[in-house]
Amino acid sequence: MLEYRNITKKFGNKEAVKELTLKLKKGTIYGLLGENGSGKTTLMKMAAGLTQPTEGEILFEGHPLSYQDKASIAYMSTEPFFYSYMKVKDVEEYYADFFEDFDREQFRKTIERLGLNEEMKASAMSSGMNAKLKAAATLARKADLLLLDEPLNGVDYKAREEIIALILEEADENRTMVISTHLIEEVESFIEDAIFIKDGQLVDVVNVETERMTTGNSLAELYLQKM
Amino acid sequence: MGKLMKYEWKKQRTSRMIVMVALAVCVLTFLGGMLVEKDALMGISATLLLVGSYFVVFYMGIESILILNRDLKTKQSYMIWMTPKSVWEILGAKFVVAIAQMFFVFALYAIAGLLCFVGTIQYVGELGNVFAIIRDSFIRVSGEGQLIAQIVWNLLCIFVGWTEVVMVGYLAVIVSRTILRDSKYAGGISIVAFFVITFIIEKIYNLISNVLPNVEVAGNSFFGVGYLVYYIIICVAVFLLSGWMADKKLSV
C-alpha cells in the first residue's frame, strides 16, 4: 500500500527523518508512536504530499507517490486547517468539490451526531469541536489510506470517545489507517500494528496482539521499553 | 483549476465587499451633491474615487500575497495542497485570481467613475461638446487614429508590469517560507526578498533597455515593445521558479 524507501527529510541542518524504510500493508490500523519531535508528523506529511523527502522515495500502490494519489489519501493534521471564512457547510462543499470519495450524506449524519451544525464557523470553534469537524470531514472520505495526526489531541473525554467510535466504524479490510498519538491507552484496543519512531529513525514495528499473547506486554509497557 | 479559483476568489470577498460599499457611498454622495448643488460634496467624492481607484487596485494585489503568507503560516495552506491538483494548477489558480480581482475592482471603479462623469456632463449640460473636447485633446497629443491603440497598449503594459510585481511577491513568500518555515521573521524576510528580487529584475531591465533599440507602439506611448516582452519573460520565469520551489522545497 505505502512504502517509504530510505527516506531522509532535512529542515535546514536538522534531520527530522533519517534513512527510514517502512512498508505499510493494506487493511491494517497502524499506531504511529514516538515522542514529540520524533518525526511522526513529517512522515505523515510526506505521504500526504505536503512536504517532499530530501532523499529517498515514497511508493503508493507500487508506483512513486504523485499529486494524483492525493485522491486516495486522506490526511487530518493536528492543527486546525480550515479557511477562516468557512462554516461547516463550506467544509462539506469544499470536500465534495475536490474529493470524489467524499460521502456528503455520511458527513451530514456525523456532524449532527457530534453536535455540530452547518452554520457553525470553523474559526470560532473550540479545539474539541474543531477536532470533531476535522475527523468528520476526513473520515467521510472513502480513501484507501487515512493519515490521522493526533486526532485525539486537546479533545475532552466525550469527544475523544466519539472520534474513536468514528474511526472504528470506518475501518475495514480495504482501508489502511495510520494514527499518530500520545494517548497510547486510548488506542490500544484497536491498533493492530504499532510503529515506534525515535529521533527520526524507525525503532520497530510490532503486532500488538502477538506481543500481548507472547510476552503479556501492553502497548504502554512496550512503548516504555522501546523508547 | 476552476474549483481552485472558486475558493481563492472567496478569500478576498470581505475586501471586495468593503470596496463595493465604499464605491456606492462615493457615487451616491456625488450624485447627492449634484442634486442639492453642493460642489464641495461632489469634489470630495470625486477625489476619493480617484485616489481610491489607484490605492485599492494595488491593495487587492498586495492582499493576495499577504493571504498566501498567512495560509502558509497558519497551515490553512493544507486545504489547497491536500487536493489532488498539481502545484502548477494551484499556483496558476492563485495568480489568475489575484489578477482577476484587480481587474474586477478596476472595472467597478471604471463604472463608478463613468456614472459620476455622465452625471457631471448632464449637470453641466452640453454632453456632446464635452466629449468632443476631450477626444480632440487626446488626438492632439497622440496623433490621429492612435487614441484607442495607445490606451489599450498602455493599459496592457501596466497590467503586465503589475502582474510581474504580484508574481514576484508570491515568489518572495515561497522563498522565505521555504527557508524559514514557521519562523516569526519569515513575513519580514519575504518583504526584504521581494525588494531584492525586484531590484535585480529592474537592474537587468535597465542594462538591457540601454542596449536594445527602443521600438515604440501606438505613437507616443509610455512603454516600448522591449518593456512588454521583458516583463512577460520575467513573469514566465518567476512562475516556473515559484512552481519548482513550491513542488520540491516548500513544506506547506
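Residues numbered from 1 in each chain as written. Chains lettered and ligands numbered in written order. Predicted model: local features only at pLDDT ≥ 70, side-chain atom pairs only at ≥ 80, totals over all residues. Heavy atoms only, no water.

Once that is clear, we can look at the nonpolar core. Here is a general trend for soluble globular proteins: nonpolar side chains tend to be buried in one another's company. One finds Phe-82, Tyr-95, Phe-107 and Leu-133 of chain A to be the most contacted residues of the largest nonpolar core, which totals 143 residues. Ranked by residue count, the leading element in this core is helix α5 (residues 87-124) of chain B, at 13 residues. A domain-level breakdown of this core finds at least three residues from each of domain 1 (1-142) and domain 2 (143-252) of chain B. Apart from the residues lying within four places of it in its own chain, the contact partners of Phe-82 of chain A are Val-91, Tyr-95, Ala-122, Asn-130, Leu-133, Lys-134 and Ala-137 of chain A together with Gln-76 and Met-79 of chain B. (Core = buried A, V, L, I, M, F, W, Y, C linked by side-chain atoms within 4.5 Å. Buried < 20%, exposed > 50% of the residue type's maximum accessible area, 1.4 Å probe, protein only. Helix = DSSP H or I, 4+ residues; strand = E, 2+ residues; numbered from the N terminus. Domains from an automatic or database assignment. Contact = heavy atoms within 4.5 Å.)

Residue and element names in this part refer to chain A. In the sheet, strand β1 (residues 2-11) pairs with strand β2 (residues 14-24) via 7 bridges, with the strands oriented antiparallel. Residue Ile-7 lies in a different strand from β2, and its bridge partner there is Leu-20. Where β1 folds back onto β2 in an antiparallel hairpin, the turn is made up of 2 residues, including Gly-12, whose phi is positive at roughly 65°. (Pairing = 2+ DSSP bridges.)

The subject of this paragraph is the interface of chain B and chain A. Contacts between the two partners involve 29 residues from chain B and, on the opposite side, 25 residues from chain A. Interface area, chain B with chain A, both sides summed: about 2700 Å², of which 59% is carbon and sulfur. Per-residue buried area on chain B facing chain A is highest for Tyr-7, Met-79 and Met-82 of chain B; these three make up 28% of the total on that side. Inspection of the region where chain B meets chain A yields 2 salt bridges. As a salt-bridge pair, Glu-93 of chain A and Lys-6 of chain B come within 2.7 Å of each other at their nearest N and O atoms. (Buried area = accessible area lost by both parts, 1.4 Å probe. Salt bridge = Lys/Arg side-chain N within 4 Å of Asp/Glu carboxyl O.)

With that settled, consider the domain arrangement of chain B. Residue and element names in this part refer to chain B. Each assigned domain of chain B is listed with its residue range as follows: domain 1 (1-142) and domain 2 (143-252). Residue-level contacts link 31 residues of domain 1 with 28 residues of domain 2. Interface area, domain 1 with domain 2, both sides summed: about 2700 Å², of which 76% is carbon and sulfur. The tally of links from domain 1 across to domain 2 stands at 0 salt bridges. Looking at which element gives the most residues to the side of domain 1 that touches domain 2, the answer is α5, with 11 residues. When its residues are assigned to classes, the side of domain 1 that touches domain 2 shows 20 nonpolar, 6 polar and 5 charged. (Nonpolar A, V, L, I, M, F, W, Y, C, P; charged D, E, K, R; others polar.)

What follows covers the pattern of salt bridges. The full count for this structure, using the stated rule, is 24 salt bridges over all chains. For Arg-5 of chain A, the salt bridge identified is with Glu-57 of chain A, shortest N-O distance 3.8 Å. With a gap of 52 residues between them, Arg-5 of chain A in strand β1 and Glu-57 of chain A in strand β4 (residues 55-60) connect regions that are remote in the sequence. Taking relative accessible area as the criterion, Glu-57 of chain A reaches 32% and is therefore assigned partly exposed. A salt bridge links Arg-212 of chain A to Glu-188 of chain A; the shortest N-O distance between them is 3.7 Å. Of this pair, Arg-212 of chain A sits in helix α7 (residues 208-215) while Glu-188 of chain A sits in the loop between α6 (184-187) and β9 (193-198); the two residues are 24 residues apart in sequence, bridging distant segments of the chain. With relative accessibility at 30%, the residue Arg-212 of chain A sits in the partly exposed group. A relative accessible area of 14% places Glu-188 of chain A in the buried class. Taken together, the shared-partner salt bridges in this structure form one network comprising Glu-8, Lys-11, Arg-70, Asp-71 and Lys-94 of chain B.

For the rest of this paragraph, the subject is the environment of Lys-248 of chain B. Residue and element names in this part refer to chain B. One can find Lys-248 in helix α9 (residues 225-248). On the accessibility criterion, Lys-248 (46% relative accessible area) is partly exposed. Between the C-alpha atoms of Lys-248 and Val-87, which are 161 residues apart in sequence, the distance is 9.9 Å.

All names here are of chain A. Across the sheet, which stays open at both edges, the 6 strands sit in the order β6-β7-β8-β3-β9-β10 with mixed pairing between neighbours. In the strand order of this sheet, the two ends are held by β6 (73-76) and β10 (201-207), each with one partner. Within the sheet, the average angular offset between the axes of one strand and its neighbour, ignoring direction, is 15°. Inspection of the sheet shows strand β3 (residues 29-34) paired to β9 by 5 bridges, in the parallel sense. (Axes fitted to C-alpha atoms, helices over the stretch in contact; angles between N-to-C directions.)

This paragraph deals with α9 of chain B. A rise of 1.5 Å per residue sets the reference length of α9 of chain B, with its 24 residues, at 34 Å; its end C-alpha atoms lie 35 Å apart and thus fit the reference within 8%. Along α9 of chain B, the residues classified as buried are Tyr-227, Leu-228, Tyr-230, Tyr-231, Ile-234, Cys-235, Val-238, Phe-239, Ser-242, Gly-243, Met-245 and Ala-246 of chain B. (Expected span 1.5 Å × (residues − 1).)

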